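Overview (structure and organization)
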Amino acid sequence: DVKVTQSSRYLVKRTGEKVFLECVQDMDHENMFWYRQDPGLGLRLIYFSYDVKMKEKGDIPEGYSVSREKKERFSLILESASTNQTSMYLCASSAHLSVNNEQFFGPGTRLTVL
Amino acid sequence: AQSVTQPDIHITVSEGASLELRCNYSYGATPYLFWYVQSPGQGLQLLLKYFSGDTLVQGIKGFEAEFKRSQSSFNLRKPSVHWSDAAEYFCAVGGDNQGGKLIFGQGTELSVKP
């Protein structure tokens, strides 16, 4: 079974702090994704990566950056957290580009920015 | 533009009753279609997917979905709902020209009355 893990289930940070959300997958997947989930808006793609050190912006990249130094790990960085970044953050991974789009999700990190 | 619409934000059904959750998509090429379920406080779990072939697909937990190209729909059904089916359900679309990305609907929250 594919396993996607996220470093924290719940996180509380202060406005202006730098925040790191970590995601690790154990199935040697090429693709990794970061989404934020807000009520009534579904899942919105922040960034994705299709290879080590490669990244592409999703629909809502503003205020975020990412890092992928190793194939199994994909980090989401909030350079200076703001209250409007309070949300549920979901990481996902999938096998090679366009061969199989099925994504496997981690349990999510609920981030509160005070 | 590519999009997924789930017209029902919240649905309540009685335990044992049948269920249909609606999903309409707009996609320029051959779509890959997915239904995911998210239990409270959890990540997303794949229920079923359609890539090609038989337009009626069976999934886990007794769910099925029917792809209707003429109606651009992929509705999810279950003949008899159990209390444990209470969750949020997401429809998603992807394809060969999406670079591994999925587009998600807004989600439908299902409540089950005893």
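Below you will find a few notes about this structure. Quick caveat, the model's predicted, so the values are computed rather than measured. (Residues numbered from 1 in each chain as written. Chains lettered and ligands numbered in written order. Predicted model: local features only at pLDDT ≥ 70, side-chain atom pairs only at ≥ 80, totals over all residues. Heavy atoms only, no water.)

Let us now look at the overall build of chain B. Counting its regular elements, chain B contains zero helices and 12 strands. Counting from the amino terminus, helix and strand elements in chain B follow one another as β-β-β-β-β-β-β-β-β-β-β-β. In terms of its C-alpha atoms, chain B occupies a principal-axis envelope of roughly 45 × 30 × 20 Å. Looking at chain B residue by residue over its 114 residues, the buried ones come to 47%. Taking all contacts inside chain B whose residues are at least 6 apart in sequence as the whole, residues at least 24 apart take part in 56%. A total accessible area of about 5200 Å² is found for chain B, and carbon and sulfur atoms account for 48% of it. Charge-centre separation for chain B: the mean point of 9 positive side chains lies 3 Å from the mean point of 10 negative side chains. (Helix = DSSP H or I, 4+ residues; strand = E, 2+ residues; numbered from the N terminus. Buried < 20%, exposed > 50% of the residue type's maximum accessible area, 1.4 Å probe, protein only. Contact = heavy atoms within 4.5 Å. Areas by Shrake-Rupley, 256 points an atom, 1.4 Å probe, with all protein chains shown as cover. Lys, Arg positive; Asp, Glu negative; His and termini not counted. Charge placed at Lys NZ, Arg CZ, Asp CG, Glu CD.)

Looking now at the state of the cysteines. Here is the idea: a disulfide is a covalent bond, and it sits between the sulfur atoms of two cysteines. Counted according to the given criterion, the structure contains two disulfides over all chains. Between the sulfur of Cys23(A) and that of Cys91(A) lies a disulfide, 1.8 Å long from S to S. Classification of the bridge connecting Cys23(A) and Cys91(A) rests on its S-S torsion, roughly -75°, and on that basis the disulfide is left-handed. Of this pair, Cys23(A) sits in strand S3 (residues 19-25) while Cys91(A) sits in strand S9 (residues 87-94), and the two are 68 residues apart along the sequence. One disulfide in the model links Cys23(B) with Cys91(B); its S-S distance is 1.9 Å. Between Cys23(B) and Cys91(B) the sulfur-sulfur dihedral comes to about -65°; the bridge is accordingly left-handed. Of the two residues, Cys23(B) is situated in the loop between strand S3 (19-21) and strand S4 (24-26) and Cys91(B) in strand S10 (residues 87-94); the sequence distance between them amounts to 68 residues. (Disulfide = S-S within 2.5 Å.)

Another point: the interface of chain A and chain B. Each partner contributes residues to the interface: chain A has 22 residues there, and chain B has 23 residues. Summed over both partners, the interface of chain A with chain B buries about 1700 Å², with 53% contributed by carbon and sulfur atoms. Here chain A and chain B share one salt bridge between them. We note a salt bridge from Glu102(A) to Lys49(B), for which the minimum N-O separation is 2.6 Å. The interface formed by chain A and chain B includes four residue pairs in polar contact (both at pLDDT 80 or more). Secondary-structure elements contributing two or more residues to the side of chain A that touches chain B are strand S4 (31-38), strand S5 (42-51) and S9 of chain A. Partitioning the side of chain A that touches chain B into residue classes produces 10 nonpolar, 10 polar and two charged. (Buried area = accessible area lost by both parts, 1.4 Å probe. Salt bridge = Lys/Arg side-chain N within 4 Å of Asp/Glu carboxyl O. Polar contact = N/O pair within 3.5 Å; in protein donor to acceptor, adjacent residues only side chain to side chain. Nonpolar A, V, L, I, M, F, W, Y, C, P; charged D, E, K, R; others polar.)

Residue and element names in this part refer to chain A. In this model, Asp28 sits at a positive phi of 60°, which is unusual for a non-glycine residue. Take Asp28: it is sitting in the loop between S3 and S4. Residue class for Asp28 comes out exposed when judged on its relative accessible area of 53%. Even without a glycine there, the phi angle at Lys53 is positive, about 65°. With respect to the helices and strands, the residue Lys53 is situated in the loop between S5 and strand S6 (54-57).

So, on to the pattern of salt bridges. All names here are of chain A. In the structure shown here, the tally under the stated rule is 12 salt bridges over all chains. Where Lys71 meets Glu30, a salt bridge forms, and the shortest distance between an N and an O atom there is 3.8 Å. In this pair, Lys71 sits in the loop between strand S7 (64-70) and strand S8 (73-78) while Glu30 sits in the loop between S3 and S4, placing the two residues 41 residues apart along the sequence. Lys71 gets classed as partly exposed once you look at its relative accessible area, which sits at 25%.

This brings us to the nonpolar core. Formed by 28 residues in total, the largest nonpolar core has its most connected members in Leu19(B), Trp35(B), Leu47(B), Leu48(B), Phe74(B), Leu76(B) and Tyr89(B). Per-element accounting of this core gives the leading share, four residues, to S10(B). Setting aside residues no more than four positions away along its own chain, Phe74(B) makes contact with Cys23(B), Leu33(B), Phe34(B), Trp35(B), Leu48(B), Tyr50(B), Val57(B), Ala65(B), Glu66(B) and Phe67(B). With 20 residues, the next largest nonpolar core counts Val19(A), Tyr47(A), Tyr64(A) and Val113(A) among its residues. (Core = buried A, V, L, I, M, F, W, Y, C linked by side-chain atoms within 4.5 Å.)

Purely geometric stuff here, so don't read any function into it on its own.
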